[in-house]
Amino acid sequence: MRGARLVPGRLTARLATRGRRSTRPFPATTTSAGPRMYAAAAVDTRQPEQLPFHAPSTIPISPASSPVTRQEQDIPITRDVLRDAVSATRPRNNWTKDEIATIYGHPLMDLVHQASLVHRRFHDPAEVQLCTLMNIKTGGCTEDCSYCAQATRYQKGTGLQAKKVEPVEAVLAAARTAKANGSTRFCMGAAWRDMRGRKNSMRNISEMVQGVRGMGMEVCVTLGMIDGDQARELKEAGLTAYNHNVDTSREFYPSVISTRTYDERLQTLSYVRDAGINVCSGGILGLGETAEDRVGLLYTVSTLPKHPESFPVNALVPIKGTPLGDRTPIDFTSMLRTIATARLVMPATIVRIAAGRKTMSEEKQALCFMAGANAIFTGEKMLTTDCNGWDEDKVMFDRWGLEPMKSFDKSSGPVPGSCS
């Protein structure tokens, strides 16, 4: 590993047994407010040269042999950067691109290990949130997102037929099915550019939100761009979270979408945050971007005034008929590296494996969970692509000792008493 040497760290914390599953040891909870702090591994406060890992001064990367950089160059590795990230007791919002690149370029096996330490400090490592996504309005979108089958301009090539908004009762029936199968978060997506002039649709969606919340589930919607008044209306209906992905780096974004600007996406996130709704915003890997762009994606979301409560990581599922329909799927190590880096720079955020999980083996998914992923989409379908089903996920959870996260069970607030 380019001269890097891994020395196993000492597990200094005693593991307490959780009452609801007495046969499996869990870390002892050290606080009941904010993110639950688990002492699965002590924070290493030794000087850099005494850390459990020994990073080389530089890691030469060639694009022909690794996906880590846009062009052949050396990425400086400052041990202080990773040490500080691993020692964090609360989220920080002043990351630089160089710092994130330093973490992202760290030797992968040790990167996953270090991310797992942070994950155990902020989250229960055995809990994974089960989310079910329903497309409540298919196709007919005026945008030109190069990856999306729901754009009207690609309809001839994709064969996708546009549909009207689903009836409220049909959506609530799907939510009841999801809950019966163990999902605790129900997400609804509609293929629109924005919500201007859609008052009737907004009333119906508000009714859907109220109905899902009445079942005791978290509820998330993604409806395109919304303004402040619409965000407040959704908040009053009981919306838990609003999804609006930034997709990729600011620099690469114009190569993927031209009908909506990067700043328009950020403005929507601002309206959502101001209304008191949780933010769900992530990206898509495999669009033709480089590792530098993945760093840029992480930089955007980790330097928002407050980190997103959830960060979905999608692997592009190429759809024939779209401009990216012939793309080669993203290498798994890039997915894993992005998840691990996200966990280190946004320690309290829920990191969700989204599109593309269908192609992952259980072993690959387990590596993602070790690296800090703690949410998945499960059920009958994503928006227009296949999804892992509830039954197979139940088998996977039993095999790997995982359990569903309860609704409204996570917070990404600062740890009381921790320093800024």
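Heads up: the structure comes first, above all this text.
Reading the values: the criteria
- All chains use their own residue numbering, which begins from 1 and follows the written sequence.
- Owing to the predicted nature of the model, reporting of local features is limited to residues with pLDDT of at least 70; listing and counting of side-chain atom pairs is limited to 80 or more, with chain, interface and lining totals taken over all residues.
- Only heavy atoms go into the side-chain values, all of them from the structure, while hydrogens and water stay out.
- In plain words, nonpolar cores are sets of buried Ala, Val, Leu, Ile, Met, Phe, Trp, Tyr and Cys residues tied together by side-chain atoms within 4.5 Å.
- Throughout this description, buried means an accessible area under 20% of the type-specific maximum (1.4 Å probe, protein chains only), exposed means over 50%, and partly exposed covers the range between.
- Under the DSSP-based scheme used, a helix requires at least four consecutive residues in state H or I and a strand at least two consecutive residues in state E, with every element numbered from the N terminus.
- In what follows, residue pairs with any heavy atoms lying within 4.5 Å of each other are defined as contacts.
- A pocket here means an open set of points on a 1 Å grid, computed over the protein atoms alone, that has protein on both sides within 12 Å along at least five of seven lines. A cavity is instead a set of points where a 1.4 Å probe fits but cannot get out; residues with an atom within 4 Å of a point line either one.
- Grid points are joined across faces, edges and corners, and a volume is the space filled by probe spheres set on the points.
- Two rings from Phe, Tyr or Trp (for Trp, the six-membered ring) form a pair when their centres are within 6.5 Å of each other. A pair whose planes differ by under 30 degrees is stacked, one over 60 is edge-to-face, and the rest are tilted.
- Charges are assigned to positions over rings by a cutoff of 6 Å between ring centre and Lys NZ or Arg CZ, combined with an angular limit of 35 degrees from the ring normal.
- Polar contacts, as counted here, are pairs of nitrogen or oxygen atoms within 3.5 Å of one another; within protein the pair requires one atom able to donate a hydrogen and one able to accept it, and residues that are adjacent in sequence qualify only if both atoms are side-chain atoms.
- Each salt bridge in this description consists of a side-chain nitrogen of Lys or Arg and a carboxyl oxygen of Asp or Glu lying within 4 Å of one another.
- Convention adopted: a line fitted to C-alpha atoms gives each axis, helices being fitted over their contacting stretch, and angles between N-to-C directions are expressed from 0 to 180 degrees.
- Working definition: roughly parallel below 35 degrees, roughly antiparallel above 145 degrees, roughly perpendicular at 65 to 115 degrees, and oblique for all remaining angles.
- Crossing handedness is defined as follows: a turn of the near helix away from the far one that is anticlockwise and smaller than a right angle gives a left-handed crossing, while the clockwise case is right-handed.
- The span you would expect from a helix comes to 1.5 Å times its residue count less one.

A.B. asks: Can you break down the nonpolar core residue by residue, with the values?
C.D. replies: Formed by 95 residues in total, the largest nonpolar core has its most connected members in Ile205 and Leu234. Among the elements that take part in this core, helix α10 (residues 332–345) stands out by supplying eight residues, more than any other. Once residues within four sequence positions are removed from consideration, Ile205 is found in contact with Ile136, Trp192, Met195, Val221, Leu223 and Leu234. Core analysis: the next-biggest nonpolar cluster, separate from the first, contains eight residues, Cys220, Ala241, Ala354 and Cys387 among them.

A.B. asks: So what's going on with empty space enclosed by the protein? Residues and values would help.
C.D. replies: Applying the stated criterion across every chain yields a total of three cavities of 30 Å³ or more. For the largest cavity, the calculated volume is near 880 Å³. Tyr147, Cys148, Asn243, Asn245 and Leu383 are, among the 41 residues lining the largest cavity, the residues nearest its centre. When contributions to the lining of the largest cavity are tallied by element, the ones reaching two or more residues are β8 (185–190), β9 (218–222) and β13 (310–315).

A.B. asks: Please provide a residue-by-residue account of the packing of aromatic side chains, values included.
C.D. replies: Across all of its chains, the model carries one aromatic pair by this definition. Between Tyr253 and Tyr262 the ring centres are 5.2 Å apart and the planes differ by 70°, which places this aromatic pair in the edge-to-face class. The class of Tyr253 is buried, set by a relative accessible area of 3%. Between the NZ or CZ atom of Arg92 and the centre of the ring of Trp95, over which it lies, the distance is 3.9 Å. The ring centre of Phe377 lies 5.7 Å from the NZ or CZ of Arg352, which sits over that ring.

A.B. asks: Quick rundown of the environment of Trp95? Include the residues and the values.
C.D. replies: The residue Trp95 is located in the loop between α1 (79–86) and α2 (97–104) in this model. Each C-alpha atom of the pair Trp95 and Tyr299 lies 7.0 Å from the other, and the pair is 204 residues apart in sequence. In this structure the side chain of Trp95 is engaged in a polar contact, spanning 3.3 Å, whose partner is the backbone oxygen of Arg92.

A.B. asks: Would you mind going over the pattern of salt bridges in detail, with residue names and values included?
C.D. replies: As enumerated under the stated definition, the model contains 17 salt bridges in all. For Arg92, the salt bridge identified is with Glu99, shortest N-O distance 2.9 Å. Taken together, the shared-partner salt bridges connect Asp80, Arg83 and Asp84 into one network.

A.B. asks: How would you explain the side chain of Thr184 if you had to name every residue and give the values?
C.D. replies: Looking at the element boundaries, Thr184 is found in the loop between α5 (168–180) and β8. Side-chain polar atoms of Thr184 contact the backbone oxygen of Met405, separated by 3.2 Å. Beyond its immediate sequence surroundings of up to four residues, Thr184 is in contact with Gln129, Leu130, Met217, Glu218, Met405, Lys406 and Ser407.

A.B. asks: Explain the packing of α2 against α10 residue by residue, including any values.
C.D. replies: When two helices pack together, you describe them by how their axes are tilted relative to each other and by the distance separating the axes. Here α2 crosses α10 at 125°, and the two axes come no closer than 9 Å. Our classification of the angle between α2 and α10 gives oblique. At the point where α2 passes α10, the crossing takes the right-handed sense. Between α2, through Ile100, Ile103 and Tyr104, and α10, the contact on the second element is made entirely by Ser334, Arg337, Thr338, Thr341, Leu344 and Val345.

A.B. asks: Now, about helix α3 (residues 108–122): what can you tell me, with residues and values included?
C.D. replies: With 15 residues, α3 should reach 21 Å at 1.5 Å per residue; the first-to-last C-alpha distance of 21 Å fits that figure. Taken across its 15 residues, α3 has 12 buried, putting it largely inside the fold. When we look at burial in α3, the residues that qualify are Leu108, Asp110, Leu111, Val112, Gln114, Ala115, Ser116, Leu117, Val118, His119, Arg121 and Phe122.

So, to be careful, I would describe these as geometric facts and stop short of saying anything about function.
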